[in-house]
Amino acid sequence: MPVRVKDILTNRRVTVCMVCIFVVVIAWSSPVFYTSQVVWRFDFASNRTYLGVNFTSNRRIIDSLTFSLVSVVSVFGSLLTVIATTTAMVIRLTKNTKRRKSSSTSGNNQFSRKEMKMIKMVKILSLVYVVCSAPEVAWMIWPMVDKTIIVTGLNQNLVNVTNGCTFLLQAINSSIGLFVYYFLSSKYKQTFREVFCSC
């Protein structure tokens, strides 16, 4: 059976996923909002009362725990999810291709070539994602081990350079898909040429 995205991504599944994402994001960010409370403050110099932010005494502990949980779980979790789903998809497509080859006809060979191209495309995109995201995962874990790795600490230059490198890797990850699709998908290449090379 070919992989059909419209069968996998039904309206109901997408809605459930979106609701789950919103619930998780709200649950992860609510401790930070709890530690930053809006209060009325009196300014003696101007003799005025204005709204200001007051931080609770346990703010640093809650913020560091929340940051650690969010950064490690979200980044590491997405990396593991991509690895697991890619492995499952490649195994399934490979099995289907081998099964079709056993009942070989010329039409099946054409279809298996398309499947092999799709397997190659999925492998390349997943590998690029894993390679580009692995340093970010390591970077998210490192400050939990070494407490001197903070933006305003002694290692400020190291933090800035490493952040820049991880952002660059994520930009590469985001943009390399264009080239992979162009060279491995004939339909994408044809549509791309129709849209951008029609001059």
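Above this note sits the structure.
Everything quoted here is computed from the prediction, not taken from an experiment. (Residues numbered from 1 in each chain as written. Predicted model: local features only at pLDDT ≥ 70, side-chain atom pairs only at ≥ 80, totals over all residues. Heavy atoms only, no water.)

**Side note on the packing of aromatic side chains**
Argument step 1. By the definition in use, this model includes seven aromatic pairs.
Argument step 2. Ring centres 5.3 Å apart and planes at 90° place the aromatic pair Tyr 182 and Phe 183 in the edge-to-face group.
Argument step 3. By relative accessible area, Tyr 182 is classed as buried at 19%. (Phe/Tyr/Trp six-rings, centres within 6.5 Å; stacked < 30°, edge-to-face > 60°. Buried < 20%, exposed > 50% of the residue type's maximum accessible area, 1.4 Å probe, protein only.)

**Things to note about helix H2 (residues 11-35)**
An α-helical turn contains 3.6 residues, so any two residues separated by three or four positions project in the same direction.
Argument step 1. Taking 1.5 Å of rise per residue, the 25 residues of H2 would be expected to cover 36 Å, and the 37 Å separating its terminal C-alpha atoms lies within 8% of that figure.
Argument step 2. When the local axis directions of H2 are compared, the greatest deviation, roughly 35°, occurs at Ser 29, which is followed within four positions by the proline Pro 31. (Helix = DSSP H or I, 4+ residues; strand = E, 2+ residues; numbered from the N terminus. Expected span 1.5 Å × (residues − 1). Bend = angle between axes of the 7 residues up to and from the residue.)

**Here we look at the side chain of Thr 35**
Argument step 1. Within the secondary structure layout, Thr 35 lies in helix H2.
Argument step 2. By relative accessible area, which is 0% here, Thr 35 ends up buried.
Argument step 3. Leaving out residues up to four positions away in the same chain, Thr 35 has contacts with Asn 54, Phe 55, Thr 56, Asn 58, Arg 59, Ile 62 and Asp 63. (Contact = heavy atoms within 4.5 Å.)

**Some points on the nonpolar core**
Argument step 1. If you look at the biggest cluster of nonpolar residues, it comprises five residues: Val 75, Leu 79, Tyr 129, Val 137 and Met 140.
Argument step 2. Secondary structure elements with two or more residues in this core: helix H3 (59-102) and helix H4 (106-145).
Argument step 3. It is H4 that provides the largest number of residues to this core, a total of three residues.
Argument step 4. Not counting the four nearest positions on each side in its chain, Leu 79 is found in contact with Tyr 129, Val 130, Ser 133 and Val 137. (Core = buried A, V, L, I, M, F, W, Y, C linked by side-chain atoms within 4.5 Å.)

**Topic: the environment of Ser 68**
Argument step 1. Mapped onto the elements, Ser 68 comes out in helix H3.
Argument step 2. For the pair Ser 68 and Lys 114, spaced 46 residues apart in the sequence, the C-alpha separation amounts to 43 Å.
Argument step 3. In contact with Ser 68, not counting residues within four places along its chain, are Val 73 and Met 144.

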